[in-house]
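# Per-entry structural report
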Amino acid sequence: MMANTQSKKLILDPGRAARNYWLDLYHYRELFLILAWRDVIVRYKQTAAGAAWALLQPLMSIVIMTVVFGVLAGLPTPQNVPYAIMVCAAMLPWQFFSNALSLASQSVVSNANLISKIYFPRMIVPASSIVVSLVDFLVACSILVGLMMWYHFWPTWRILVLPPLILLAVAAALGPGLIITALTVRYRDFRIIVPFIVQFGLYICPVGMSTDFIHEKLLAKMGEDLGSKLFMLYSLNPMVGVIDGFRWAILGNTTTFYWPGFIMSMVLTFVLLYIGVRYFRKTERAFADVI
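Residues numbered from 1 in each chain as written. Predicted model: local features only at pLDDT ≥ 70, side-chain atom pairs only at ≥ 80, totals over all residues. Heavy atoms only, no water.

## Quick word on the nonpolar core
Counting residues in hydrophobic clusters, the biggest one holds 70 residues, and the most contacted among them are I85, W94, V207, M239, F246, I250 and F280. Counting only elements with at least two residues in this core, the list comes to α3 (29-45), α4 (52-72), α5 (83-110), α7 (124-151), α8 (162-186), α9 (190-203), α12 (238-251) and α13 (259-283). Looking at this core element by element, the count peaks at 18 residues for α5. Look past the residues within four positions of V207 in its chain and what remains in contact with it is M65, V87, A90, M91, W94, L202, I243 and R247. Residues I214, F231, Y234 and V240 belong to the second largest nonpolar core, which totals 5 residues. (Core = buried A, V, L, I, M, F, W, Y, C linked by side-chain atoms within 4.5 Å. Buried < 20%, exposed > 50% of the residue type's maximum accessible area, 1.4 Å probe, protein only. Helix = DSSP H or I, 4+ residues; strand = E, 2+ residues; numbered from the N terminus. Contact = heavy atoms within 4.5 Å.)

This is the structure:
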């Protein structure tokens, strides 16, 4: 008895990829899942400590910042919130952003053999790499749970707002990630620049201190008019809005929320995402030739 089999054929006529790009992203969703699952398996299976690495990196950063800024410098926290919890609420989204940006920026070059052999929407590669950082983020959330249990600090209903804030963090990482990975294909110098950007970004984001503290210091040092303008400029940083959102959701009624700055940060996040998608699509056609 012979079984009838049907094979799917994909004909790449001129202009097809541009016309059907977003539909192809849906059709190749299984490839997205396979690449994401492969990266997660490699990340956790080929290391001696396994998932412990996803805990050690943010945990050590939280301990160092707590000792340096909380104990030695004595920086204030919103309404006597434990300093370790305030830092952890910011370190989790920052660690996700930095890891996602680093992995996305190298993703296309790391998959050069796949890129040069078959057709598929190349955006699948950097998008799937972000899943690894998302898994690391979920694992690292156990640190926050442990700190809350230790300090008897319980979240309010605001914790329910975390899922859309996580999506905002994904958008904040994906936009610059698409731009940098497209630049890395042509200019390999970006492989050296990205770690510097990530390291520098930690110091211009409100991870070790609250945004209210930065706002008050700017007003005190620069005056109300100039200080307010500088703070609005500071709020343009996409991760400022993400971190403030996480703290608002995790710390509950103990923290305030600066809506104008959050809206500006969110707008810039989606502007960068739009620019990233446009630039990536414009350059991806030449990836196979120059990679």
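## A few points about the packing of aromatic side chains
Between two aromatic rings, the relevant description is the distance of the centres plus the angle of the planes. Following the criterion strictly, the structure yields 8 aromatic pairs and no others. When the ring of W94 is compared with that of F97, the centres are 5.6 Å apart and the planes differ by 35 degrees; the resulting orientation is tilted. Taken together, the positions of W94 and F97, both in helix α5 and 3 residues apart, correspond to about one turn of that helix. You can call W94 buried: its relative accessible area is 5%. (Phe/Tyr/Trp six-rings, centres within 6.5 Å; stacked < 30°, edge-to-face > 60°.)

## Some remarks on the side chain of S235
With respect to the helices and strands, S235 occurs in the loop between α11 (224-234) and α12. Setting aside its immediate chain neighbours within four residues, S235 contacts V240, Y258, G261, M264 and S265.

## Some details on α7
End to end, α7 covers 42 Å across 28 residues, agreeing with the expected 40 Å (1.5 Å per residue, within 8%). Following α7 by one or two positions, H152 adopts a phi angle in the positive range, close to 55 degrees. (Expected span 1.5 Å × (residues − 1).)

## Concerning unusual backbone geometry
Negative phi characterises most residues that are not glycine, and trans characterises most peptide bonds. Although it is not a glycine, H152 sits at a positive phi angle of roughly 55 degrees. For H152, the position within the fold is in the loop between α7 and α8.

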